[in-house]
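Architecture at a glance
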Amino acid sequence: MQFMLLFSRQGKLRLQKWYVPLSDKEKKKITRELVQTVLARKPKMCSFLEWRDLKVVYKRYASLYFCCAIEHQDNELITLEIIHRYVELLDKYFGSVCELDIIFNFEKAYFILDEFLLGGEPQETSKKTVLKAIEQADLLQEPRHEYFNVPVY
Amino acid sequence: MPAPIRLRELIRTIRTARTQAEEREMIQKECAAIRSSFREEDNTYRCRNVAKLLYMHMLGYPAHFGQLECLKLIASQKFTDKRIGYLGAMLLLDERQDVHLLMTNCIKNDLNHSTQYVQGLALCTLGCMGSSEMCRDLAGEVEKLLKTSNSYLRKKAALCAVHVIRKVPELMEMFLPATKNLLSEKNHGVLHTSVVLLTEMCERSPDMLAHFRKLVPQLVRILKNLIMSGYSPEHDVSGISDPFLQVRILRLLRILGKSDDDSSEAMNDILAQVATNTETSKNVGNAILYETVLTIMDIKSESGLRVLAINILGRFLLNNDKNIRYVALTSLLKTVQTDHNAVQRHRSTIVDCLKDLDVSIKRRAMELSFALVNGNNIRGMMKELLYFLDSCDPEFKADCASGVFLAAEKYAPSKRWHIDTIMRVLTTAGSYVRDDSVPNLIQLITNSVEMHAYTVQRLYKALLDDISQQPLVQVASWCIGEYGDLLVSGQCEEEEPIQVTEDEVLDVLEGLLVSNLSAAVTRGYSLTAIMKLSTRFSGVNRIKKVVSIYGSSIDVELQQRAVEYNALFKKYDHMRPALLERMPIMEKSASNGPTEIVQTNGETEPSVVDSKHPPPVSQPANQANDLLDLLGGNDVVPVIQTTVPTKPASAGGELLDLLGDLSLSGVPTPAPSVATSQPSFLLDGLSSQPLFNDIAAAAIPPMTAYNKNGLKIDFTFERANPNPNVAVITIHASNSTEADMTDFVFQAAVPKTFQLQLLSPSSNVVPALNQGTVTQVIRVLNPQKQQLRMRIKLTYTLKGSPVQDLAEVNNFPPQSWQ
């Protein structure tokens, strides 16, 4: 995977994870173009599109688009499963996750993503294990509040 | 100083902004506060401030002043700080930043931290965005962690190693020992990441690939266990056990089995098992099947397995899920070359996909359909494809039209079918057809002699309906100009001939000239067509009128044509029939070969060949026209030179000077004394002939065309085989003086009943003392078999001074033009 973007129906970026080194300017350009392209797609169209020299896999969950750019040898269908797994993790962590959770707890969304994927590949295929790791890491945070729903910073 | 506001507070505040300007103001205010907080080196709230900065960065605002703060956070002892610090590093400190390398030491320390979650943070950061230098520095640490028994760290180390290898491929070797027992792990996370690591290594190094082939049995075993073992809640996805791992193993097997018989055989069974046992109701199962199919097609699988794979793809095509259909079409496109027959079986399903609503699917289906067209199914397939062409989106039409033309050319069952198909394309997608198809079609039509009447009739009828599609109109006007006599005389055999009068035809063509819909090029075509009809129709006066009107057209192209055609009517009426007669059958050669004869026959719009030449060529063409003037001929027939002389501009200047030198009396001035050596042709010719002319030379004796001031030019001849009217002359220029002749340019012009084409010379330096020759090929078309005459112009530089000379060549041997 080269990058993953989460954005709203209005095109506002909610999360961006880049696994290739690009300048800020390039990232902004790519984001703008890709968001435009994906938002222009009609609901009945398939989840894959060829964009520049990459394959883009996207799926909409409620008001959020999850968009991944993968390479030619990567399996599109399993990428859909990767996206789905990430959503499940968020859902389990936040309890029925919605876009607002990701907006207000974006750093946690990143932490969860970084426990699930590393360098663009899944590092752990067990949902339980990923969630356990996050749980343990949260416990290490200082000051030691209950980590759910209480802001730490 | 009050505590900086909390992150969520800031987010809430910013979201209340109603305009972009308001938001910007809030952001600027907060950034200022954060900046002063950073300046105060406030440890307590650094984390909070950086978190806020990261939020603002996501909104698109600059955050570079937080880079160093991220470093400080990473160096902090607090886990919260490190967590945000590393996140900030991944977002703000990629390898392009100057301070990127400052992270290295912190990461190194954290890789050895006592808390595994800190080690995890370090591994994650390194594995996502470590630069090559950083990877080089820390590879040893990663390698150590790859051997740990802590599976939490081991899995991360494996993916981190993948990143290191991508950045610094030379380091791959050092990870080899650690891979020894990676696959014996029970932990799925480690297994998965290990397979990824092995895949990366095998893809990068054939040696590694050979080394890891021995793992095939182990991989097969793991895969088998995954499929056979019962329900495992931890890794289950819709009833399938760890699909991610299965897909990854299948991919590694693909790489290991490619071009290796033994490995391929070892995995045959498991592949068959996965292919038949995997549940296909959900995307998960299909993802595994997809990977399996890709693997089967790539390795040396037995044919039964391959057929199984293609059938799976065939089933995919019928799936309701459009993603699956898309994936199937893509895979079939990859295999259609190798397993053509198997894919043919699914042709009807593929053709149905042309009607799909999804653009990507339609495109794939179209590409695949064209790949499947062959002599047997051409009629049926073409029907579907033409229907598709009718109804598809504009973005497809050009490609589809080209595909149809190609397929029709290869497999047309009959000439009539071919022409009908072309007609259909022109009428339905006429405006999207590529530019080069017009000349190609014209050539095709010319060569289908028996279909001329039918073709022109159909094109005429099409024009009556619609004149908006330019390629159609251009082809139609060309045909009407060419075969208008057949149209009017109602000679069509293939279908009911229509009754059309000359006036009606001229009405249509004149209509094109005045219509707003016609492009400039189209107008050119139609004016020329009208002109051609002057030799085919009886009523010439109307044509004369039209031509004279356009003599004052604002469009320069039309004006030039009209003026020239007018001249044809007035002064050169005796030439008109010959000039405008029926086109001969064109040579079917590649459309961009410089050796193609350009048929112009009165049309100043040359065909395909010229359109591929760079603009400078038009200069020499005009100069050659001037040269022709000197022969006392008309200016109608241009000589298309495919050579670009070294300095066209200056050459033009010199030629134009000639107009002052000689009178345009219609009688060519006698050539300056040219010693033409006559009798010893054969001997002369033989000594300077290139070898391949030997055979032809026996047929036509060579001759010396020019011999003056040490420069001798010999002509050798051969016939161009497909066309007996074409004489191929090779000039051999030799120099008997003591100095080289540099910037040597040979130009030639022929009377108007001939056409001439000059190819590139072998060089533009004629070596001194006959040490070598410059050769150049001239092709002369002589349809009327008139006596060949040629006027040549030579320019060169000798001992620093330019020399130029004109000569007339009249001593062509009779065989060269009879």
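Residues numbered from 1 in each chain as written. Chains lettered and ligands numbered in written order. Predicted model: local features only at pLDDT ≥ 70, side-chain atom pairs only at ≥ 80, totals over all residues. Heavy atoms only, no water.

**Remarks on the overall build of chain A**
- Counting its regular elements, chain A contains five helices and seven strands.
- If you list the helices and strands of chain A from N to C, you get β-β-α-β-β-β-α-α-α-β-β-α.
- When each of the 153 residues of chain A is scored for burial, the buried share is 63%.
- At a minimum sequence separation of 6, the contacts of chain A that also span at least 24 residues come to 46%.
- A total accessible area of about 6300 Å² is found for chain A, and carbon and sulfur atoms account for 52% of it. (Helix = DSSP H or I, 4+ residues; strand = E, 2+ residues; numbered from the N terminus. Buried < 20%, exposed > 50% of the residue type's maximum accessible area, 1.4 Å probe, protein only. Contact = heavy atoms within 4.5 Å. Areas by Shrake-Rupley, 256 points an atom, 1.4 Å probe, with all protein chains shown as cover.)

**Describing the overall build of chain B**
- When helices and strands are counted, chain B shows 36 helices and eleven strands.
- When the 818 residues of chain B are sorted by exposure, 57% land in the buried category.

**A word on the layout of surface pockets**
- Taken as a whole, the second largest pocket encloses approximately 590 Å³ of empty space.
- Residue lining of the second largest pocket: 34 residues in total, with Y19, V20 and G119 of chain A together with H163 and R166 of chain B positioned closest to the centre.
- Broken down by secondary-structure element, the contributors of at least two residues to the lining of the second largest pocket are β2 (13–18) of chain A together with α5 (79–92), α7 (116–129), α9 (151–167), α10 (188–204) and α13 (243–257) of chain B. (1 Å grid on protein atoms, 1.4 Å probe; cavity = no way out; pocket = protein on both sides within 12 Å on 5 of 7 lines; lining within 4 Å. Points joined across faces, edges and corners; volume = space filled by probe spheres on them.)

**Concerning the pairing of strand β1 (residues 3–8) of chain A**
Residues and elements named next belong to chain A.
- Burial of β1 is extensive: six of the six residues sit out of reach of the surface.
- The two faces of β1 match: F3, L5 and F7 on one face and M4, L6 and S8 on the other face are all buried.
- Linkage of β1 to β2, two consecutive antiparallel strands, is achieved through a turn of four residues, within which G11 is found at a positive phi near 90°.
- As paired strands, β1 and strand β5 (residues 64–70) are joined by six bridges and run antiparallel to one another. By the bridge assignment, L5 is partnered in β5 with C67. (Pairing = 2+ DSSP bridges.)

**Quick notes on empty space enclosed by the protein**
- According to the stated counting rule, one finds eleven cavities of 30 Å³ or more in the structure shown.
- In this structure, the largest cavity spans a volume of roughly 190 Å³.
- Together, 16 residues line the largest cavity, and D74, I78, I82 and E121 of chain A together with R248 of chain B are the ones closest to its centre.
- Breaking the lining of the largest cavity down by element, the ones donating at least two residues are α2 (76–94) and β7 (121–122) of chain A together with α13 of chain B.
- For the lining of the largest cavity, the element with the most residues is α13 of chain B, which contributes four residues.
- Residues that form the lining of the largest cavity fall into these classes: seven nonpolar, four polar and five charged.
- Here the second largest cavity is characterised by a volume of approximately 150 Å³.
- Of all the secondary structure elements, the ones that give two or more residues to the lining of the second largest cavity are α4 (106–116) of chain A together with α5, α7 and α9 of chain B.
- Sort the elements by how many residues they give to the lining of the second largest cavity and α5 of chain B lands first, with five residues. (Nonpolar A, V, L, I, M, F, W, Y, C, P; charged D, E, K, R; others polar.)

**Section: the sheet that holds strand β10 (residues 790–798) of chain B**
Residues and elements named next belong to chain B.
- In spatial order, the strands read β7-β10-β11; together these three strands make up an open sheet with antiparallel pairing. A single partner strand is all that each edge strand has here, and the edge strands are β7 (741–749) and β11 (801–809). Between one strand and the next, the sheet's axes are offset by a mean angle of 15°, whatever the strand orientation.
- Note that β7 and β10 share seven bridges and pair antiparallel. Paired with A749 across the two strands is R791, which belongs to β10. (Axes fitted to C-alpha atoms, helices over the stretch in contact; angles between N-to-C directions.)

**Let's talk about the environment of G85 of chain B**
Residues and elements named next belong to chain B.
- The residue G85 is located in helix α5 in this model.
- In this structure the C-alpha to C-alpha distance between G85 and Q67, which are 18 residues apart in sequence, comes to 9.3 Å.
- Ignoring sequence-local partners within four residues, the contact set of G85 consists of C70, L73 and I74.

**Details of the interface of chain A and chain B**
- Residue-level contacts link 65 residues of chain A with 71 residues of chain B.
- Carbon and sulfur atoms make up 57% of the area that chain A and chain B hide from each other, which totals about 6200 Å².
- Between chain A and chain B we count nine salt bridges in total.
- Here E107 of chain A ties to R8 of chain B by a salt bridge, and the two come within 2.9 Å at their closest N and O atoms.
- There are 24 residue pairs in polar contact (both at pLDDT 80 or more) connecting chain A and chain B.
- Counting residues per element, the ones that place at least two in the side of chain A that touches chain B are β2, α1 (24–39), β3 (48–51), α2, α3 (99–104), α4, β7 and α5 (127–140) of chain A.
- Ranked by residues supplied to the side of chain A that touches chain B, first place goes to α5 of chain A with nine residues.
- Here the side of chain A that touches chain B is composed, by residue class, of 28 nonpolar, 13 polar and 24 charged. (Buried area = accessible area lost by both parts, 1.4 Å probe. Salt bridge = Lys/Arg side-chain N within 4 Å of Asp/Glu carboxyl O. Polar contact = N/O pair within 3.5 Å; in protein donor to acceptor, adjacent residues only side chain to side chain.)

**Observations concerning a negative patch on the surface**
- On the surface, a cluster of negative charge is made up of D261, D262, E265, D269 and E302 of chain B.
- Within the fold, D262 of chain B resides in helix α14 (residues 261–277). (Patch = residues over 30% accessible without salt bridge, like charges linked within 9 Å, V, L, I, M, F, W, Y side chains within 5 Å. Lys, Arg positive; Asp, Glu negative; His and termini not counted. Charge placed at Lys NZ, Arg CZ, Asp CG, Glu CD.)

**Regarding the pattern of salt bridges**
Residues and elements named next belong to chain B.
- Considering all chains together, one arrives at 56 salt bridges over all chains under this definition.
- A salt bridge links K72 to E69; the shortest N-O distance between them is 3.2 Å. In this pair, K72 and E69 both sit in helix α4 (residues 67–75), three residues apart, roughly one turn of the helix.
- Among the salt bridges present, the one from D260 reaches R213, with a minimum N-O distance of 3.6 Å. Note that D260 is positioned in the loop between α13 and α14 and R213 in the loop between α11 (206–212) and α12 (216–228), a separation of 47 residues in sequence.

**Some points on the confidence of the model for chain B**
All names here are of chain B.
- Overall, the prediction assigns chain B a mean pLDDT of 82, with 85% of residues at 70 or greater.
- Predicted confidence for residues 590–698 stays below pLDDT 50, and this span has 172 contacts to residues more than four positions away or in other chains.
- Across the assembled chains, the prediction reports ipTM 0.94 with pTM 0.69. (pLDDT = per-residue confidence, 0-100.)

**Quick look at the side chain of R14 of chain A**
- Here R14 of chain A lies in strand β2.
- On the basis of relative accessibility, which here comes to 10%, the residue R14 of chain A falls in the buried class.
- One polar contact links R14 of chain A to E99 of chain A, side chain to side chain, over a distance of 2.9 Å.
- Those residues in contact with R14 of chain A that lie beyond four places of it in its chain are L6, F7, S8, L64, E99, I102, I103 and F106 of chain A together with R15 and M58 of chain B.

**Points about the packing of helix α3 (residues 46–59) of chain B against α4 of chain B**
Residues and elements named next belong to chain B.
- Two elements in contact, α3 and α4, have axes separated by 10 Å at closest approach and are oriented at 135°. Of the possible angle classes, the one that applies to α3 and α4 is oblique. Along this stretch, α3 crosses α4, giving a crossing that reads as left-handed. Between α3 and α4, the contacting residues are R46, C47 and V50 on the first element and E69, C70, K72 and L73 on the second.
- Residue classes in the contact of α3 with α4 are distributed as four nonpolar, no polar and three charged. (Parallel < 35°, antiparallel > 145°, perpendicular 65-115°, else oblique. Left-handed = near helix turned anticlockwise from the far one by under 90°.)

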